[in-house]
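Results of the structural survey
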Amino acid sequence: MATEVVEKTGEDAPAAGKLSTRFDLEKETELRFEVEAAEAAEQVELELLTGMAEVFGSELNRNKKYTFGPGSKIAVFTWQGCSVNLYGKPEVAYVSKDTPMLLYLNTHAALEQMRKQAERDNERGPRVMVVGPTDVGKSTVCRLLLSYAVRVGRRPTLVELDVGQSGVSVPGTVSALCIERPADVEEGFSVQAPLVYHFGSTTPGTNIKLYNKLTSCLAEVFSQRCEVNRKASVGGCIINTCGWVKGSGYQALVHCASTFQVDVVLVLDHERLYNELKRDLPHFVRVVLLPKSGGVVERSKDCRREAREEKIREYFYGFRGVSFYPFSFEVRFSDVRIYKIGAPSIPDSCLPLGMSQDDTQLKLVPVTPGRDLTYHVLSVSSAEDGEEGVRKGIVESPVCGFIVVTYVDTQAQVMKVLSPAPRPLQRHTLLIMDIRFMDMK
Amino acid sequence: MAAGQRAEGGELYNEELSPAQLFSARSRSRRIPVRGQKDFFPDGSAEQRRRLDRSLSEHWSLLTEERVERLGNLVKGCWIPEEHLVELQSPAGKFWQTMGFSSRGRQCLHPEEALYLMECGNVQVFYQDLPLSIQDGYERFLSGGSASSVSLQQYQVFGHLRRLGYVVHRFDPSSELSSYERQLNLHRSRDKAGVKRKRSTSPSPTPTSTSTPTSSSSSSTAPSCSQAEADGAASTCQQMEAACVPGAGEGGQSPAEGAGVRHPPAAAPRWDFSSIHFPDLGYIGSPASPGSPAPHGCLAPPDPALLPDCLAVPPCDVAPWRHRVNLRQVKMSSGEQRQRDDERRRRPDVSTDPEVQQCRNWAEYHELLARRRAERAARPPSPTRPAHLWNREVTPLVDPDEDVSTAELLEKLRQVQTSHLLDGASRLKASDEWRISFNVYQPDTVADFKKSRPGKPHCRVCVCSFSDPVPDLRALKLLALQSGDVQVVVAVVDHGDMSFYTFKDFQLPTDVFG
């Protein structure tokens, strides 16, 4: 039984007029709270008064106020016991004793053991893949394990394969990020020099071949990095995956395990997936079944879409939309080449009799700029601007940035774009995404 | 003091009006009688004849009516036949906002403007010190025959549009941008340049001696003014920082150098999971996995050295969690279920294969898989494309190796090619047969209309007679090219009746990309 002491002290709160609630947490308990998702919802501030506590693996500073915006779902966990103050009015706030944190910590301990061994034997560290259906806390477990690893002095790599809800870059991309410090309590991991590849859609199902191809690309680059950087090699990687665990989605998971040569697979809350992976992965891969936390909330479709939009906004305007000031300028159609990855399959009636088209999913198709381009997110590929015919390597080239088309003038043959950098465009090869972004706020 | 003036055969006389006459002149209806449609179509009935007679007599009475205007309201002008314009000799009235132009310090009106204003009773034009009647005006102003003069039909269109409230100016082809200039977006910078120039000139603006009425910044000066801005727009010498730097380069240094790091592993798999304890909830049904920590599934507390901040934590009991995994039921259709069962029967556990058991890591496993694949490679090769199909005169629509977007495919299937009004227009030789007469601006812009910077016209009008042939495609292309992005309206005059036609260039919507 958690003994929860709630004191309502309206006056002594420094933030004038804000309701202040004090929670005293016993050791190994967790305070979960959610901030209302509505646009105009009040922010909630969190302050650690005594003891020690952490939010998803990142420690809280004492007497510092952390602000959480609308839609945040936060769990404050303590190993030793602590007391915290919440200012503002969260939608829900309760203390739970029932958390799988001890299991996660033991998982970290096992991984750390493996890193120690790798260091000793001059080997590569553990490569971990986190799988599970949607809404089981995959990203949170990744964040937790990465933060713990950084706190014991490792340099792990986060490989983000969740194209729907990317934690590193805008949605519709796969990426890898070297983690050098624990995640910021409010903002998450600091995104510095990530390696980002263009996928173009929010579900791997639209082009599973491309998805697997990009997974292989990331694996290759990561292996190269491991070969030259000892610390990264020992740190290993933690791979966050999509919540699609059936059919092709499952095949993609097996493919990912194979190309990354994973050592440990953490299955969150899905016994059947656990058994299938045990069957389909060779015996030297350790498959571990872990429970999900009771605090995980299911997110609706709208909620996911909003999160995506917020992520794109964050790319252009910075965290909470205040730190960056993007540029808007016109780009002539003749200056850029826009491609879409994946040609549509041609009906058999258009092909010579008895022939079938070989794989079209990795092919680049030029896109004629038109009004339907408006609001699409475009990736600026880092591929060198070569001849028109040289399309090779664009799919496997990382992305150097993103722009959004805000207006297309077909008469003048120009489009207006929102860009994080001033003109001219760094590169002139653009890849179109299915994702649209309207700059409304 | 009011005076009715009339010129009859050059003889002029003034007539004083009595108050009663003045009053009746003022209260007279000023409405122009409306003709009903098809009133002129004869059906032989007495009733129609009566209606026609009445309409005719209304018109006659309107024409014979004496025009009464206040002398103070009449602006005096002087007809200069050599220059084909009317010079104003007293200050212009309100009409100056939308009509007339300045030339060599004089205020002038075009003949059609002067005639319209005469008809409205705003201007009185003198020639050789004698006032011109409206009939004189029609005769003198609309004759001429030179290129700058206005025909009767053009005047009718001009008057009609003016009466409807539109602002109508003569069209000057030289002031229009060429399509090339438009492509370069010169018009915007040119507008800016015009403003700057105006500010920088001396405070007493002396009107430049051009007879072009439309714009003050003549096209000859525009290119030099806008040079700097065009340069700025097209400059590519600026360099910028990449928005997000790809990290690929880091790993690319020299992969071969570090390749030796990977040791050939010992006989056993690298990780000894019997000594590395994961809190795995899945043990219970798998006795095959060796070294489960304890039958009841209680993990010993991990070494604090492994944990951040050297945490000391109690032992971890896995057992209670076992019942709490997978609480959410996965919904599956019966078909899916069957498919899965089939799959399970067909595909046994990969690790039971003795050869796989021999593998100790992924590298060896991949090798094994590659070897097996090579053994199975006796499969028939994929059909290559039959070359003979492409040797003949008629080739298949698409090449299966080619990547074609849906749009391209549709384009290939298309029989009738789309064409735009402007396609190839620039190559056509200009002809004088059809020309644009007027720029028309919408009535709602009149309030803040500036003759020096009229902006983009609402449309341009080309005048022709009902008996003229319909313009051919060539003429339309030339007109469209001349007009640029403003639509051209053809005003067809049929003895005082006017109809307006326009050709619209439209594009069928295509919403295929990729």
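Residues numbered from 1 in each chain as written. Chains lettered and ligands numbered in written order. Predicted model: local features only at pLDDT ≥ 70, side-chain atom pairs only at ≥ 80, totals over all residues. Heavy atoms only, no water.

**Points about unusual backbone geometry**
Most of the time, phi is negative for any residue but glycine, and the peptide bond is trans. Inclusion rule: Secondary structure elements follow DSSP: runs of H or I of four or more residues count as helices, runs of E of two or more count as strands, with numbering from the N terminus. Three labels apply to residues, based on accessible area from a 1.4 Å probe with only protein chains included: buried if under 20% of the type maximum, exposed if over 50%, partly exposed otherwise in between.
For the bond from Arg423 of chain A to Pro424 of chain A, the omega torsion is 0 degrees, close enough to zero to count as cis. Looking at the secondary structure, you find Pro424 of chain A in the loop between strand S23 (414-419) and strand S24 (429-436). In the Ramachandran plot, Asn122 of chain A falls in the positive-phi region, its phi being about 55 degrees despite a non-glycine side chain. With respect to the helices and strands, the residue Asn122 of chain A is situated in the loop between helix H1 (101-121) and strand S11 (127-131). Phi is positive for Gln128 of chain B, close to 55 degrees, though the residue is something other than glycine. Within the secondary structure, Gln128 of chain B is located in the loop between strand S8 (123-127) and strand S9 (130-131). Since its relative accessible area comes to 61%, Gln128 of chain B is described here as exposed.

**Digging into the environment of Arg372 of chain B**
All names here are of chain B. As a reminder of what qualifies: The contact criterion used throughout is that any non-hydrogen atoms of two residues lie within 4.5 Å.
With respect to the helices and strands, the residue Arg372 is situated in helix H13 (residues 362-375). Under the relative-accessibility criterion, Arg372 is labelled partly exposed at 23%. Discounting residues that sit within four places of it in the chain, Arg372 has contacts with Asp353, Glu355 and Val356.

**Thoughts on the packing of helix H3 (residues 208-228) of chain A against helix H5 (residues 247-260) of chain A**
Residues and elements named next belong to chain A. For the record, the criterion: Axis definition: a line fitted to C-alpha atoms, over the contacting stretch in the case of helices. Angles run 0 to 180 degrees between N-to-C directions. Each angle gets one of four labels, with under 35 degrees taken as roughly parallel, over 145 as roughly antiparallel, 65 to 115 as roughly perpendicular, and the rest as oblique. Helix crossings get a hand from a simple test, with the near helix turned counterclockwise from the far one by less than a right angle marking a left-handed crossing and a clockwise turn marking a right-handed one.
Between H3 and H5, whose axes approach to 9 Å, the crossing angle comes to 20 degrees. Judged by the angle between their axes, H3 and H5 are roughly parallel. Note on packing geometry: the crossing formed by H3 with H5 is right-handed. Every residue of H5 that contacts H3 at Ile208, Tyr211, Asn212, Thr215, Ser216, Leu218, Ala219 and Phe222 is listed here: Ser248, Ala252, His255, Cys256, Thr259 and Phe260.

**Considerations on the sheet that holds strand S22 (residues 399-409) of chain A**
Residues and elements named next belong to chain A. For the record, the criterion: When DSSP finds two or more bridges between a pair of strands, those strands are recorded as paired.
Here we have seven strands laid out as an open sheet, ordered S18-S23-S22-S21-S24-S19-S20, and mixed in their pairing. Edge positions in the sheet fall to strand S18 (327-332) and strand S20 (364-366), since each has one partner strand and no second. For this sheet, the mean inter-axis angle between neighbouring strands, taken without regard to orientation, is 40 degrees. Pairing geometry for strand S19 (residues 337-341) and S20, over three bridges, is antiparallel. Looking at S20, one finds that Tyr339 is bridged to Pro366.

**Some words on the pattern of salt bridges**
Residue and element names in this part refer to chain A. The condition that has to hold: Within this document, salt bridges are pairs made up of a side-chain nitrogen of Lys or Arg and a carboxyl oxygen of Asp or Glu, the two lying within 4 Å of each other.
The full count for this structure, using the stated rule, is 24 salt bridges over all chains. Salt-bridge contacts for Glu112 lead to Arg154; the nearest nitrogen and oxygen are separated by 2.9 Å. One end of the pair, Glu112, is in helix H1; the other, Arg154, is in the loop between helix H2 (138-151) and strand S12 (157-160), with 42 residues separating them in the sequence. The pair Glu112 / Arg154 is uniform in exposure class, with both members buried. In this structure, Asp302 engages Arg305 in a salt bridge whose closest nitrogen and oxygen atoms are separated by 3.1 Å. With Asp302 and Arg305 both in helix H7 (residues 301-317), this residue pair falls three residues apart, about one helical turn. Judged by its relative accessible area of 41%, Arg305 falls in the partly exposed class. Within this structure, Glu112, Arg115, Glu119 and Arg154 form a network of salt bridges that share partners.

**Section: the packing of aromatic side chains**
For any pair of aromatic rings, the description rests on two quantities: the centre-to-centre distance and the angle between the ring planes. Our working rule: Pairs were defined over the aromatic rings of Phe, Tyr and Trp, the Trp ring being its six-membered one, requiring ring centres within 6.5 Å. Orientation was assigned from the angle between planes: stacked under 30 degrees, edge-to-face over 60, tilted for the rest. Cation placement over rings: the criterion is NZ of Lys or CZ of Arg within 6 Å of the ring centroid and within 35° of the ring normal.
All chains considered together, the criterion is met by 17 aromatic pairs over all chains. Measuring from ring centre to ring centre gives 6.2 Å for Phe316 of chain A and Phe437 of chain A, while their planes differ by 15 degrees; the resulting arrangement is stacked. Placement of the pair is Phe316 of chain A in helix H7 and Phe437 of chain A in the segment after S24, with a sequence separation of 121 residues. Here Phe316 of chain A and Phe437 of chain A have matching classes, each one buried. Three or more aromatic residues joined by ring pairs form one cluster here, namely Tyr116, Tyr138, Tyr155, Phe158 and Phe438 of chain B. The cationic tip of Lys65 of chain A hangs over the ring face of Tyr87 of chain A; the distance from NZ or CZ to the ring centre is 4.6 Å. The residue whose ring lies beneath Lys451 of chain B is Trp96 of chain B, and the NZ or CZ to ring-centre distance is 3.7 Å.

**Points about the sheet that holds strand S14 (residues 459-465) of chain B**
Residues and elements named next belong to chain B. A sheet is described by the order of its strands in space; here five strands give the open sequence S10-S13-S14-S15-S16, paired in mixed fashion. Both edges of this open sheet fall to strand S10 (167-170) and strand S16 (497-502), since each of them pairs with a single strand only. Across the sheet, the mean angle separating the axes of adjacent strands is 30 degrees when strand polarity is ignored. Relative to strand S15 (residues 488-494), S14 runs parallel, the two being bridged by six bridges. Bridge pairing in S15 links Arg460 to Val488. Each of S10, strand S13 (438-441), S14, S15 and S16 touches helix H5 (residues 152-163); the most contacted strand, S14, lies at about 135 degrees to it.

**Side note on the confidence of the model for chain B**
Reading fine detail from the predicted coordinates is not recommended where pLDDT is low. All names here are of chain B. Short version of the rule: For every residue, the pLDDT score states the predictor's confidence, bounded by 0 at the bottom and 100 at the top.
In this model, chain B carries an average pLDDT of 71, and 64% of its residues clear a pLDDT of 70 or more. In the model, residues 1-13 has pLDDT below 50 throughout and makes 20 contacts with residues more than four positions away in sequence or in other chains. Overall, residues 285-295 carries pLDDT values under 50, and its contacts beyond four positions in sequence, including any with other chains, amount to seven contacts. As scored by the predictor, the complex reaches a pTM of 0.60 and an ipTM of 0.74.

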